[in-house]
Every structure is written in C-alpha cells, then in structure tokens.
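Single-letter residue listing:
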Amino acid sequence: MLTKLLAQLKLTKKNGHVFAGVHLSANSLKVVVVTQQSATEQRVEQMFVEQFGSAAQLSAAFKTVAAKLPPDCQCTLVIPPERYMVLQIDKPAVPDDEISLALPWTIKDLVTLPDDDMVLDYLDLPLQNQLQGIKVNVVVSSKSWLADIVALFVQNKLQLVGIQPEEWLARNLLPAKNQALMLVSHQSGQDLAVQILQQGNLCFSRRLRGFNRLDQYSLDEMQQGVFDNLLLELQRSIDYFEGQLKQAPVREIALLLSNSNQTGVVQLFVQNGFSQVFAISAKDAGVQMSAEQFSLYWLALAGAIEPLCAQREVNLEAAG
C-alpha cells in the first residue's frame, strides 16, 4: 500500500529474511521482529513497545527502535485509522496504468485533504456485481504527514519496504480458505472493522460505528443490547455479501477482539446460532506467542509478515 510514496522517496527493497512490523498509534510504537523459517512459518525474535507524547519523543522512540533492530531488517509501517480514509468507489474508466492519476480527481470531493497533500493507493475487489459496476477500495492519507514519518526511518537507517493501513492487515494472520470467512476485529477506542475474505482476498470491508468501547464491556453488559446490535450489523453485512453480491454463504466468523474474554464472546455467538466462530490465535498466524502478547501485538505482527504474505500471493499467481 502507498507504494507510490515510497517510489517518490526512492526507497528500495533489499533481500533478507528478517522482517519488522512497526505499528504507529497516537502515543506508541509497537514493534514485532520475525525471521522466516519456512514458506508458512515465522519465528518471533523480538516484541517491544516505545511510548511517546510529542514529536520530539517520537523521534527519540524511533532512535530506540533503530538501536534494537538488526541492520538488515525490512520494516513495514502500520498506520492508524485516524491517519487515513478507505473509500469504495467506482473504478475510473481509464487504462490500468492511469488509474493512480485519475483517482485523486475522483475522490477529491470525498476527502478533506488538499489535492497536493493526497497520497493514495487502491485495491481491486475480486468479486464484482456487474449491475453495480466495477468497484475499488481506495486508501488515502496525508503525503506531508507520511513524509515526516518516512523521514524518521531514513534518518535512523531503517529499511522501509511498505506502508499499510490497519484494516488491510488482519487477513495476514489467517491461512487462505476457499470458503468465505468473516473477520471481525477491534482495537480499543476504534470502530469495529468487518471484512469478508475468500481465498485470502479481501472481498468486503466496512467499519461499524457505535462499538468503539466494545473492549470495556463485560459479558453481562454485552448481553444488555450491545451484542444484539452487533449481531444485527454483522447479519446485514452477510446478507449484502450473499444477496447483493450473489456470493456463496459465509461459513465462518473469526474474531480479533481486544476484549479480555474472547472465549466468552465466542460462546455468545454460539448461543445465538453462529456455530462456526473462533478467536484467531498466534498459531493461526504460524508463530509462537502467548495469548496476551498476541492481543497486544497482533497488528505489528501482521505488518511484520506482510512482505511474506505478499510474496506468497505472487508465487500463487505465478503457479496459476
């Protein structure tokens, strides 16, 4: 994602087998470092968090991160939702090599960023409904803000190979499945993210407002209306996917919740007729971490293995 900005800044990718995910939030840098063990397994070498409260402290945090990382480490930056927007729009009717040039004109009335401060990338939706036209997911962020963050990587001699929005990364933690799977993820203080994946591809994505405090509810509190509202919204998404997009039924629901009692939440789903529901674990991602570590670092982990997942997709396409 946002490879255009990396190209403009002339950052190049080098070969290696050590990868780091650097998850930037409002006041912390969470980092996970992995080494590739096989085509589907990685070993976690490091995981740590650096706190900051100002621009000067952010710069110091990057220096600390650089001191801890191996010199040949390939870094993927994971940016938080408040620093980007994801839009689903009609795909511009231009040749593929001109889409990136056409998109700023297409979305300029949908974002608040000035034209000269937009940097964007897009993701083709693998499932299309001809009646609704061809759609793409576009992610847009501030070029000036990102340039400042990229500069911190450059100043500290960190090899930056990718920039990813949070909500496009959770799919890295699951093996690709032929049947459609709904992935429900939540970070404290944020809207709930709902995605539907098929064969590892992102086919549907939306944010659900009103659930930003989901991690603060006990199971008893969730059963006082919150969970019913959640089920209603998830069912609407499933109905749209299966009905409007004319796709096969969603067979499983995978959870990535910051709620400390994920097992109890899974049971709530089961009690309401959703039998194929499970909480994603480090084992699903092919690594060894405790449940507590995985809950704290899963976004940084997903960023760390992003280059490996992207390479697998390339290999599968080549094999096909």
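Bear in mind the structure is a predicted one, so any value in this text is a computation, not a measurement. (Residues numbered from 1 in each chain as written. Predicted model: local features only at pLDDT ≥ 70, side-chain atom pairs only at ≥ 80, totals over all residues. Heavy atoms only, no water.)

### With respect to the pattern of salt bridges
Where we set the bar: Any Lys or Arg side-chain nitrogen found within 4 Å of a carboxyl oxygen on Asp or Glu counts as a salt bridge. We count a stretch as a helix when DSSP gives it H or I for four or more residues in a row; a strand needs E for two or more, and each element gets its number in order from the N terminus. Exposed residues in this analysis have more than 50% of their type's maximum accessible area, buried residues have under 20%, and partly exposed residues fall in between, with area computed by a 1.4 Å probe over protein chains only.
Taken as a whole, this structure holds nine salt bridges when the rule is applied. Here Lys-91 ties to Asp-124 by a salt bridge, and the two come within 3.0 Å at their closest N and O atoms. Taken together, the residues Lys-91 in the loop between strand 5 (84-90) and helix 3 (99-107) and Asp-124 in strand 6 (residues 118-124) connect sequence positions 33 residues apart. Note that Arg-207 is salt-bridged to Glu-167, the shortest N-O span being 3.3 Å. Of this pair, Arg-207 sits in strand 11 (residues 201-208) while Glu-167 is found in the loop between strand 8 (159-165) and strand 9 (180-185), placing the two residues 40 residues apart along the sequence. Taking relative accessible area as the criterion, Arg-207 reaches 25% and is therefore assigned partly exposed. A residue is classified by how much of its surface remains accessible, and Glu-167, at 10% relative accessible area, is buried. Sharing partners across several salt bridges, the network here consists of Lys-91, Asp-96 and Asp-124.

### Digging into the packing of helix 5 (residues 219-244) against helix 6 (residues 262-271)
To keep it simple, the criterion reads: Helix axes are fitted only over the stretch in contact, all axes being lines through C-alpha atoms; the angle between N-to-C directions runs from 0 to 180 degrees. Here the angle decides the label: under 35 degrees means roughly parallel, over 145 means roughly antiparallel, 65 to 115 means roughly perpendicular, and every other value means oblique. Note on convention: the crossing is left-handed when the near helix lies turned anticlockwise from the far helix by less than a right angle, right-handed when the turn is clockwise. The contact definition used throughout considers only heavy atoms, calling two residues in contact when any of these lie within 4.5 Å. Residue classes follow a fixed rule: Ala, Val, Leu, Ile, Met, Phe, Trp, Tyr, Cys and Pro count as nonpolar, while Asp, Glu, Lys and Arg count as charged, and any other residue, Gly among them, counts as polar.
The interhelical angle for the contact between helix 5 and helix 6, taken along N-to-C directions, is 60 degrees, at an axis separation of 11 Å. Classified by the angle their axes make, helix 5 and helix 6 are oblique. The two elements helix 5 and helix 6 cross, and the hand of that crossing is right-handed. On helix 6, the residues that touch Leu-219, Met-222, Gln-223, Phe-227, Leu-230, Leu-231 and Leu-234 of helix 5 are Gly-264, Val-265, Leu-268 and Phe-269. Among the residues making up the contact of helix 5 with helix 6, the classes are represented as nine nonpolar, two polar and no charged.

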